[in-house]
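In case you want the letters, here they are:
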Amino acid sequence: MDKRIEAVLEELKKTLGLQQYVLHTHSLSQEVSAFGGFDILLTADLLPPTVDSQEDEDMLPDGAVAISYSLRFEQLRSVITVGDCSKAESIGSTETQFVQWVEYQTGLRMGNGFVLTNRSEFGIEGTLMHNDIPVQTNSFLEMEWDEQGRILMCILPIIVSDQFEEGPFSLTLEAIEPLVRQQLTPIRLPIEDEARFADYYAIDEVFIAQDGTVLPYYTEEQSARYPRAVLKWSSVSKQQFEKQAIQPFGPDLTADDAFAALNQTFSGVTEEVLQCCIQSATAFLSSELPEESGEWEVYRIMQQPGIIEVVCRKVGGIAGPLRRKLLIMLNKDTYEVMNFMDSNEMAQLFEGFKQPRVETVSQEEAFEKMVSFITLEPKYVYHQGSRTYKLCGLLDSEECVDAVTGELKQLNDL
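Residues numbered from 1 in each chain as written. Predicted model: local features only at pLDDT ≥ 70, side-chain atom pairs only at ≥ 80, totals over all residues. Heavy atoms only, no water.

1. A word on the overall build of the chain
Point 1. Helix and strand counts for the chain stand at seven helices and 22 strands.
Point 2. Principal-axis analysis of the C-alpha atoms gives the chain an extent of 65 × 55 × 45 Å.
Point 3. By the burial criterion, 47% of the 414 residues in the chain qualify as buried.
Point 4. Here the contacts in the chain between residues at least 6 apart in sequence split such that 61% fall between residues at least 24 apart.
Point 5. Taken together, the 32 basic and 67 acidic charged side chains of the chain have centroids lying 6 Å from each other. (Helix = DSSP H or I, 4+ residues; strand = E, 2+ residues; numbered from the N terminus. Buried < 20%, exposed > 50% of the residue type's maximum accessible area, 1.4 Å probe, protein only. Contact = heavy atoms within 4.5 Å. Lys, Arg positive; Asp, Glu negative; His and termini not counted. Charge placed at Lys NZ, Arg CZ, Asp CG, Glu CD.)

Structure (structure tokens):
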């Protein structure tokens, strides 16, 4: 085993009281980070000192521990004990000791760093806070232990900057009404018990900064590009596309590759990359859907571990899970199409459903019905460009408006 990885695992074993445990498997992989670029994850399974023979070698025995650790941020991410039956050593006996353990692992402090939102005899849950305002994070805080003070489960958030935009939260819905109106969009949903589709107006959940900047709900999507480029072609590509197997979270890395990646600068989707992706998407669609020139747009381009994702969607379609989309996965170096997914496959599940009734409610009328149900909750959101936490308002609503009847409905009920 690589000495650098071995040193990290030995330190984790001490941190978690697993000195007597034996390493079973470990791997290194990349994932898109909410803080820009990629994180390098070390995952490991450790077995208790005495393990009975297992009938299923693919199943971890009770007492085994699965660990996830961020090499980039040098922090424990999660711990899960199989069967809630730990054979580790105790690391505490009181809630105060476990809170102090969390503080040491994360660098946060209870009070202005995080507050406990739920507690039980053997567990705590918490939310990150700054000046009494919640901090939007890549994860959440949760921890459980047993009567002997051994960790059974732990999930820890990462915070990467102590730079926060200070000052009072001054945004109001009235002051940003044009932006709010833009986020009220039509969506089409299947009504399964009536075997039909229905259209609604709903708020697209986003963060709005004090300066009016709109940030996506999922912070990692700040590194994506949204060109909205309509794809047109006058000739059809003769290139044949064969699907290649792609690992969901990118290929496993060697230790050398992992540590080398930590030192690489993340350039994001540059203008050159964007144009190459558009060219590849155009060639692909002209081959697969030759009669549909001008009917598709490149909606989003985003780098993933080992590949670049290009999302194309039908021009003029209504938002929602059934809007026709193509997810094209490109080789990050050659821009060759490696694989693709067509949302038509999911649409076939609703074959035979009746088309939605003709809308009778305008977007303006829907907004007037919705406005009193729209919320703007203050939150701190990490801004990759400035590497600071911006004070934003989370724009949201649990209500939607039926585009035919004008009736208000709960989104969760649909």
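2. Quick notes on the nonpolar core
Point 1. Within the largest apolar cluster, 48 residues are counted, with the highest numbers of intra-cluster contacts made by Leu 71, Trp 101 and Met 143.
Point 2. Per-element accounting of this core gives the leading share, five residues, to helix α1 (residues 3–16).
Point 3. Beyond its immediate sequence surroundings of up to four residues, Leu 71 is in contact with Ile 5, Val 8, Leu 28, Asp 39, Ile 40, Leu 42, Phe 259 and Leu 262.
Point 4. Residues Leu 231, Leu 289, Trp 296 and Val 310 belong to the second largest nonpolar core, which totals 25 residues. (Core = buried A, V, L, I, M, F, W, Y, C linked by side-chain atoms within 4.5 Å.)

3. A look at the sheet that holds strand β16 (residues 307–314)
Point 1. Here we have five strands laid out as an open sheet, ordered β14-β15-β16-β17-β18, and antiparallel in their pairing. The open sheet terminates on both sides in strands that have one partner only, identified here as β14 (229–231) and β18 (337–342). Mean inter-strand twist for the sheet, computed between neighbouring axes without regard to direction, equals 30 degrees.
Point 2. Relative to the sheet, helix α5 (residues 271–288) contacts β14, β15 (296–304), β16, β17 (325–331) and β18, its axis offset from that of β17 by approximately 120 degrees. (Pairing = 2+ DSSP bridges. Axes fitted to C-alpha atoms, helices over the stretch in contact; angles between N-to-C directions.)

4. Concerning the side chain of Thr 219
Point 1. Secondary-structure assignment places Thr 219 in the loop between β13 (214–216) and β14.
Point 2. On the accessibility criterion, Thr 219 (8% relative accessible area) is buried.
Point 3. Not counting the four nearest positions on each side in its chain, Thr 219 is found in contact with Ala 34, Gln 136, Val 381, Tyr 382 and Gln 384.

5. Notes on the sheet that holds strand β10 (residues 184–191)
Point 1. The strand order across the open sheet built from four strands is β10-β11-β21-β22, with neighbouring strands paired in antiparallel fashion. Because the sheet does not close on itself, it has two edges, and the strands there are β10 and β22 (408–410). Strand-to-strand, the axes of this sheet are offset by a mean angle of 40 degrees, without reference to chain direction.
Point 2. Bridge count between strand β21 (residues 399–402) and β22: three bridges; the pairing is antiparallel. If you follow Val 401 over to β22, its bridge partner there is Leu 408.
Point 3. On the sheet, helix α7 (residues 363–370) packs against β10, β11 (196–203), β21 and β22 and is oriented at approximately 140 degrees with respect to β21.

6. With respect to unusual backbone geometry
Leaving glycine out, the prevailing phi sign among residues is negative, and the prevailing peptide bond configuration is trans.
Point 1. Residues other than glycine seldom take positive phi values, yet Glu 74 does so here, at roughly 55 degrees.
Point 2. Counting through the fold element by element, Glu 74 comes out in the loop between β3 (65–70) and β4 (75–81).
Point 3. Phi is positive for Arg 387, which is not a glycine, with a value near 55 degrees.
Point 4. The topology assignment puts Arg 387 in the loop between β19 (375–383) and β20 (388–396).
Point 5. Judged by relative accessible area, which is 63%, Arg 387 ranks as exposed.

7. Topic: the pattern of salt bridges
Point 1. Applying the stated rule across the entire model yields 23 salt bridges.
Point 2. For Asp 2, the salt bridge identified is with Arg 4, shortest N-O distance 3.0 Å.
Point 3. Its relative accessible area of 24% is what places Asp 2 among the partly exposed residues.
Point 4. Across the pair Arg 324 and Asp 342 runs a salt bridge whose closest N-O atoms are separated by 2.9 Å. Placement of Arg 324 in the loop between β16 and β17 and of Asp 342 in strand β18 is noted, with a sequence separation of 18 residues between them. Here Arg 324 matches Asp 342 in class, with each residue buried.
Point 5. Overlapping salt bridges bring together Glu 177, Arg 181, Glu 364 and Glu 368 as one network. (Salt bridge = Lys/Arg side-chain N within 4 Å of Asp/Glu carboxyl O.)

8. Section: the side chain of Thr 81
Point 1. Along the chain, the position of Thr 81 falls in strand β4.
Point 2. At 3.2 Å, the side chain of Thr 81 forms a polar contact with the backbone oxygen of Ile 151.
Point 3. Leave out the neighbours within four places in its chain, and Thr 81 touches Gly 63, Ala 64, Val 65, Ser 86, Ile 151 and Leu 152. (Polar contact = N/O pair within 3.5 Å; in protein donor to acceptor, adjacent residues only side chain to side chain.)

9. Regarding the packing of aromatic side chains
Point 1. This structure, assessed with the given rule, holds 15 aromatic pairs.
Point 2. Summarising the aromatic geometry, the rings of Phe 197 and Phe 353 are spaced 5.5 Å apart at their centres and angled 45 degrees between planes, so their arrangement reads as tilted. Linking Phe 197 in strand β11 with Phe 353 in the loop between α6 (344–347) and α7, this pair joins segments that are 156 residues apart in sequence.
Point 3. The buried category is assigned to Phe 197, whose relative accessible area is 10%.
Point 4. What links up through ring pairs into an aromatic cluster is the set Phe 35, Phe 73, Phe 164, Tyr 380, Tyr 382 and Tyr 389.
Point 5. In this arrangement the basic side chain of Lys 243 is found over the ring face of Phe 340, its NZ or CZ atom lying 4.6 Å from the centre. (Phe/Tyr/Trp six-rings, centres within 6.5 Å; stacked < 30°, edge-to-face > 60°. Lys NZ or Arg CZ within 6 Å of the ring centre and 35° of its normal.)

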